[in-house]
Each structure stands twice: as C-alpha cells, then as structure tokens.
Amino acid sequence: MQALIVIDVQNDFCPGGALAVAEGDEVVAPINAMMADFDAVVLTQDWHPAGHSSFASQHPGKAPLELTEMPYGPQVLWPDHCVQGSKGAEFHPDLDTHRADLIIRKGFRAAIDSYSAFFENDRQTPTGLDGYLRARGIDTLTMVGLATDFCVHHSALDAVRAGYAVTLVQSAARGIDVGGSLAAALAEMRSAGVALS
Ligand code: VGL
Ligand code: ZN
C-alpha cells in the first residue's frame, strides 16, 4: 500500500509568500498529476500560532535564517510564516486538496518547531501520522513538496527510521538552500536509504 506525502504546499512557501521557496509553485502541477497513482494521499500543513518560537521576530537582535539554541537543540529562525488562519497558511490555490485523505497540521505548539511530518523538532512529540499510516496498512511512501532541505528532508528521514520504503521525487520538490543545506540534505537522505528519483 502506497501513500503520497505532500509536504507544505502552502502560499507562504511559494513565490510572493513570507518564506518563499524559489519555484515553489512549480511543484503543484506534477503533484496533482501523481495523486491518482496512490492508495492514499496525505497533505501536511505548517500551522504556527502567531508569535511562534521559530520566528526571528520573537528573538530580539536575531534576523531570519540565523541560528538560535532551543531547549531541544539548534533551531534556524524564520520570517513569520504559515500563521494559523492566514492566507499564507492556506494551500496553494491550484493544489488538488479534495484528493487528500488526511491533512496533518504541525508546528502548532508555540515552543517547538516541527519540520517532520512524523515528529516535532524535539524528536519525541509525535504528530500521529505514523499511527494513521500503519492503521491503513501503508508501507511505502513517496515524498514531494516544500522545502526539500527542511520539512521534506526531516519527514523522509523519520519515515525511513520508522521502517517505510521512501522515495523522494525531486521534480515535485524544491529547496530553500541556506548555507548549502540542499546538497547536504540530499546526501543525507541518499545515505539513509531514501531513493532519490
Ligand atoms: C519549513 C521552515 C520553516 C518547510 C517550515 O516546510 O520546509 N521550513 N517551516
Ligand atoms: Zn514553519
């Protein structure tokens, strides 16, 4: 049983958004075209309360893309993005959301960021996605969406660790690439056993 996991195809990660990924909107058409080929389609939605601790605006003297130390480890600081209920948090208007069996929201706890669709950045708080997929008998995942080097990367690594067979379709994903993060993420995924297609 195969699921398509569509990571964070939201307005704020597309051109014109608060944390725009270059060509982020170019993933929409290929993702829509892939949906029919899967037993299940899951969308994730980055979903932060206003004033989330991952926002640089909450850290005096810090700018977006700088690092800070959180109780759970180092954290990149971001522009305010994907605030619950905002236009930027909505899915890209052309994404075929009616095909989704499940929409999983993450990053909704003010004190913890959540890149992965499986665990928040403390590496301990589960989102519930693993239980859902197991209960549906799904063992094989195809990962697409935004951003390749953050939420897609962490989701793919957690999926491999949880025992799923995982493929990243690069033509349906785009990266942010801060300080070489894209190449590093691809190398790490490859060595962890994620198939890169
Ligand atoms: C993401 C940074 C902050 C992502 C989400 O979807 O990759 N990146 N929040
Ligand atoms: Zn976020």
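In what follows, the structure referred to is the one given above.
Described in the following lines is the structure provided in the data block. (Residues numbered from 1 in each chain as written. Chains lettered and ligands numbered in written order. Predicted model: local features only at pLDDT ≥ 70, side-chain atom pairs only at ≥ 80, totals over all residues. Heavy atoms only, no water.)

## Brief notes about the overall build of the protein
Consideration 1: Of the regular secondary structure elements, the protein holds 4 helices and 8 strands.
Consideration 2: Reading the protein from its N end, one meets helices and strands in the order β-α-β-β-β-β-α-β-α-β-α-β.
Consideration 3: Relative to the globule expectation of 16 Å for 197 residues, the C-alpha radius of gyration of the protein, 15 Å, shows essentially globular dimensions.
Consideration 4: When the backbone C-alpha atoms are referred to their principal axes, the protein occupies close to 50 × 30 × 30 Å.
Consideration 5: Summarising the internal contacts of the protein: among those between residues at least 6 apart in sequence, 72% fall at separations of at least 24.
Consideration 6: As presented, the protein carries roughly 8200 Å² of accessible surface, and 54% of it is formed by carbon and sulfur atoms.
Consideration 7: Taken together, the 12 basic and 24 acidic charged side chains of the protein have centroids lying 4 Å from each other. (Helix = DSSP H or I, 4+ residues; strand = E, 2+ residues; numbered from the N terminus. Rg over C-alpha atoms; globule rule 2.2 N^0.38 Å. Contact = heavy atoms within 4.5 Å. Areas by Shrake-Rupley, 256 points an atom, 1.4 Å probe, with all protein chains shown as cover. Lys, Arg positive; Asp, Glu negative; His and termini not counted. Charge placed at Lys NZ, Arg CZ, Asp CG, Glu CD.)

## Section: the coordination of the zinc ion (ligand 2)
Consideration 1: On the protein side, the zinc ion (ligand 2) has Asp-46 (OD), His-48 (NE2) and His-81 (NE2) as donor atoms, found 2.0 to 2.2 Å from it.
Consideration 2: Geometry at the zinc ion (ligand 2) is irregular, judged from the 4 donor atoms that bind it and their angles of 88 to 170° at the metal.
Consideration 3: Sequence positions of the residues that donate to the zinc ion (ligand 2) give the spacing D-x1-H-x32-H. With respect to burial, Asp-46 and His-48 carry one shared label: buried. (Donors = N, O, S within 2.8 Å, 3.2 Å for Na, K, Ca; no water. Tetrahedral: all angles 85-135°; square planar, octahedral: opposite > 155°, others 65-115°. Buried < 20%, exposed > 50% of the residue type's maximum accessible area, 1.4 Å probe, protein only.)

## Comments concerning the layout of surface pockets
Consideration 1: Its boundaries defined by the atoms lining it, the largest pocket holds a volume of some 430 Å³.
Consideration 2: Residue lining of the largest pocket: 20 residues in total, with Tyr-115, Asp-149, Phe-150, His-153 and His-154 positioned closest to the centre.
Consideration 3: Mapped by element, the contributors of at least two residues to the lining of the largest pocket are strand 4 (73-76), helix 3 (148-161) and helix 4 (181-192).
Consideration 4: Counting residues per element, the lining of the largest pocket draws most heavily on helix 3, at 7 residues.
Consideration 5: Taken together, the residues that form the lining of the largest pocket break down as 10 nonpolar, 5 polar and 5 charged. (1 Å grid on protein atoms, 1.4 Å probe; cavity = no way out; pocket = protein on both sides within 12 Å on 5 of 7 lines; lining within 4 Å. Points joined across faces, edges and corners; volume = space filled by probe spheres on them. Nonpolar A, V, L, I, M, F, W, Y, C, P; charged D, E, K, R; others polar.)

## Things to note about empty space enclosed by the protein
Consideration 1: Counting across every chain of the model gives 1 cavity of 30 Å³ or more.
Consideration 2: Here the largest cavity is characterised by a volume of approximately 90 Å³.
Consideration 3: Along its surface, the largest cavity is lined by 14 residues, and Phe-13, Asp-46, His-81, Tyr-115 and Cys-151 are the ones closest to its centre.

## What to know about the sheet that holds strand 1 (residues 2-7)
Consideration 1: One open sheet accounts for 6 strands, arranged 5-2-1-6-7-8; its pairing is parallel. Both edges of this open sheet fall to strand 5 (102-106) and strand 8 (195-196), since each of them pairs with a single strand only.
Consideration 2: When strand 6 (residues 140-146) meets strand 7 (residues 165-174), the two strands line up parallel, connected through 6 bridges. Bridge pairing links Leu-141 to Val-166 in strand 7.
Consideration 3: Contacting strand 1, strand 5, strand 6 and strand 7, helix 3 crosses the sheet at an angle of about 170° to strand 6. (Pairing = 2+ DSSP bridges. Axes fitted to C-alpha atoms, helices over the stretch in contact; angles between N-to-C directions.)

## Here's the deal with the pairing of strand 7
Consideration 1: Note on the crossover from strand 6 through helix 3 to strand 7: the handedness is right-handed.
Consideration 2: Where strand 7 and strand 8 come together, 2 bridges link them in parallel fashion. Residue pairing in the sheet places Leu-168 in a bridge with Leu-196 of strand 8.
Consideration 3: Taking the sense of rotation as the criterion, the β-α-β connection linking strand 7, helix 4 and strand 8 turns out right-handed. (Right-handed = clockwise from strand over helix to strand, strands pointing away.)

## Quick word on the pattern of salt bridges
Consideration 1: Under the counting rule described, the total for this entry stands at 10 salt bridges.
Consideration 2: Where Asp-8 meets Lys-106, a salt bridge forms, and the shortest distance between an N and an O atom there is 2.8 Å. Pair noted here: Asp-8 is in the loop between strand 1 and helix 1 (28-34) and Lys-106 is in strand 5, with a separation of 98 residues, a long-range link.
Consideration 3: A salt bridge links Asp-46 to Lys-106, with the nearest nitrogen and oxygen atoms 3.0 Å apart. Taken as a pair, Asp-46 in strand 2 (residues 40-46) and Lys-106 in strand 5 lie far apart in primary sequence, 60 residues in all. (Salt bridge = Lys/Arg side-chain N within 4 Å of Asp/Glu carboxyl O.)

## Focus: the nonpolar core
Consideration 1: Counting residues in hydrophobic clusters, the biggest one holds 55 residues, and the most contacted among them are Leu-4, Ile-31, Leu-133 and Leu-141.
Consideration 2: Looking at this core, the elements with two or more residues in it are strand 1, helix 1, strand 2, helix 2 (129-135), strand 6, helix 3, strand 7 and helix 4.
Consideration 3: Ranked by the residues each element gives to this core, the list is headed by helix 3, at 6 residues.
Consideration 4: Beyond its immediate chain neighbours, meaning those up to four positions away, Leu-4 contacts Ile-31, Met-34, Met-35, Phe-38, Ala-40, Val-41, Val-42, Thr-142 and Val-144. (Core = buried A, V, L, I, M, F, W, Y, C linked by side-chain atoms within 4.5 Å.)

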